[in-house]
Amino acid sequence: AAGVIQSPRHLIKEKRETATLKCYPIPRHDTVYWYQQGPGQDPQFLISFYEKMQSDKGSIPDRFSAQQFSDYHSELNMSSLELGDSALYFCASSFQGPQETQYFGPGTRLLVL
Amino acid sequence: AQKVTQAQTEISVVEKEDVTLDCVYETRDTTYYLFWYKQPPSGELVFLIRRNSFDEQNEISGRYSWNFQKSTSSFNFTITASQVVDSAVYFCALSEGPTGANNLFFGTGTRLTVIP
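What you see is a predicted model, and the numbers here were worked out from it, not measured in a lab.

Draft legend 1. Expanded view of the environment of L88(A). Its location among the elements puts L88(A) in strand β9 (residues 87-94). For the pair L88(A) and H10(A), spaced 78 residues apart in sequence, the C-alpha to C-alpha distance is 9.1 Å. Non-local contacts of L88(A), meaning those with residues more than four positions away in its chain, are made with Y35(A), Q36(A), Q37(A), G107(A), T108(A), R109(A), Q39(B) and G43(B).

Draft legend 2. Region of the structure containing the interface of chain A and chain B. Counting residues at the interface gives 22 residues for chain A, matched by 21 residues for chain B. In this structure, the connection of chain A to chain B is made through zero salt bridges. The tally of links from chain A across to chain B stands at four residue pairs in polar contact (both at pLDDT 80 or more). For the side of chain A that touches chain B, the class distribution of residues is 11 nonpolar, eight polar and three charged.

Draft legend 3. Local environment of the environment of I47(A). Residue and element names in this part refer to chain A. Mapping I47 onto the fold places it in strand β5 (residues 44-50). A relative accessible area of 3% places I47 in the buried class. As a C-alpha pair, I47 and Y33 span 14 residues in sequence and 5.9 Å in three-dimensional space. Here I47 is in contact with V32, Y33, W34, Q54, D56, K57, G58, I60 and A66, once residues within four sequence places are set aside.

Draft legend 4. How the structure looks around the pairing of strand β2 (residues 10-14) of chain B. Residue and element names in this part refer to chain B. Along β2, the buried face is formed by I11 and V13; none of E10, S12 and V14, which line the opposite face, is buried. Inspection of the sheet shows β2 paired to strand β12 (residues 110-115) by five bridges, in the parallel sense. Pairing of I11 across the sheet is with L112, part of β12.

Draft legend 5. Region of the structure containing the sheet that holds strand β1 (residues 5-7) of chain A. All names here are of chain A. With antiparallel pairing, four strands are arranged side by side in an open sheet as β1-β3-β8-β7. Only two strands of the sheet have a single partner each, and these edge strands are β1 and β7 (64-68). Each strand of the sheet is rotated relative to its neighbour by a mean of 15°, with strand direction disregarded. Bridging between β1 and strand β3 (residues 19-24) involves three bridges; their strand directions are antiparallel. Each residue of the ladder has a partner; that of I5, found in β3, is Y24.

Draft legend 6. Region of interest: a nonpolar patch on the surface. All names here are of chain A. Together, I12, L111 and L113 give the surface a local cluster of nonpolar side chains, amounting to about 290 Å² of exposed area. For I12, the location among the structural elements is in strand β2 (residues 10-13). We classify I12 as exposed; its relative accessible area is 57%.

Draft legend 7. Representation of the packing of aromatic side chains. Throughout the structure, instances matching the rule amount to 21 aromatic pairs over all chains. Geometrically, the ring pair formed by F35(B) and F47(B) is edge-to-face, given 6.4 Å between the ring centres and 65° between the ring planes. Placement of the pair is F35(B) in strand β5 (residues 32-39) and F47(B) in strand β6 (residues 46-52), with a sequence separation of 12 residues. Assessed through its relative accessible area of 0%, F35(B) is described here as buried. The exposure class of F47(B) is partly exposed, given its relative accessible area of 23%. Pairing W66(B) with F77(B) gives two aromatic rings, centres 5.0 Å apart and planes at 5°, and the pair type is stacked. With W66(B) in strand β8 (residues 64-69) and F77(B) in strand β9 (residues 74-79), this residue pair connects regions lying 11 residues apart in the sequence. Of the two residues, W66(B) and F77(B), neither departs from the other in class, the shared state being buried. Ring-pair connections join several aromatic residues into one group, and the members of that group are Y35(A), F45(A), F90(A), Y103(A), F104(A), F35(B), Y37(B), F47(B), F91(B) and F106(B).

Thresholds applied
- Residues numbered from 1 in each chain as written.
- Chains lettered and ligands numbered in written order.
- Predicted model: local features only at pLDDT ≥ 70, side-chain atom pairs only at ≥ 80, totals over all residues.
- Heavy atoms only, no water.
- Helix = DSSP H or I, 4+ residues; strand = E, 2+ residues; numbered from the N terminus.
- Contact = heavy atoms within 4.5 Å.
- Salt bridge = Lys/Arg side-chain N within 4 Å of Asp/Glu carboxyl O.
- Polar contact = N/O pair within 3.5 Å; in protein donor to acceptor, adjacent residues only side chain to side chain.
- Nonpolar A, V, L, I, M, F, W, Y, C, P; charged D, E, K, R; others polar.
- Buried < 20%, exposed > 50% of the residue type's maximum accessible area, 1.4 Å probe, protein only.
- Pairing = 2+ DSSP bridges.
- Axes fitted to C-alpha atoms, helices over the stretch in contact; angles between N-to-C directions.
- Patch = residues over 30% accessible without salt bridge, like charges linked within 9 Å, V, L, I, M, F, W, Y side chains within 5 Å.
- Areas by Shrake-Rupley, 256 points an atom, 1.4 Å probe, with all protein chains shown as cover.
- Phe/Tyr/Trp six-rings, centres within 6.5 Å; stacked < 30°, edge-to-face > 60°.

Written out as structure tokens, the structure reads:
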């Protein structure tokens, strides 16, 4: 079965640079979520989109933005990167409806030097 | 406010032993979903189970079983006859609302090490 695809899988950036992470949800899933997992921590919700509209917002810094496109893929744009942004970034997707489950992609590991 | 507590930070067991991972949650919603995810050393998050707040039936899937008790706000996870491949961090998570498709609040995870 098709899974959530994230690219790139690994990314190294310098402080103050920008980064763009991409997420391709499971086919027919209409909702995308972004989570950030720092080293040794639990995943923290950043933002979600349903049918290309922002549906919920968590602890996403103002330096980050995201959107969902007409083909349902999503991009997380990160600017003015800081050392503390080094983390594993997960995208998850689901279908809005009862008894639905979020399925996670493999994650993008971002290292800011 | 919602909260998920996994009091056990790390557990080590010898292969073939049974182990139970504890999860206690807090929510004001009457409709919510509880999840367990497994994060092996490779880093991905693997969905294990979903349970909604109206279904307190325990569930068994192979060596895995789950005990959901609303009276104690707990959703515990037991692995029977543990294997080395079970070594991972296990997260309990809560989603509030009627669909289970709202954002997840994770516990801090329990790192399970199964010693051969």
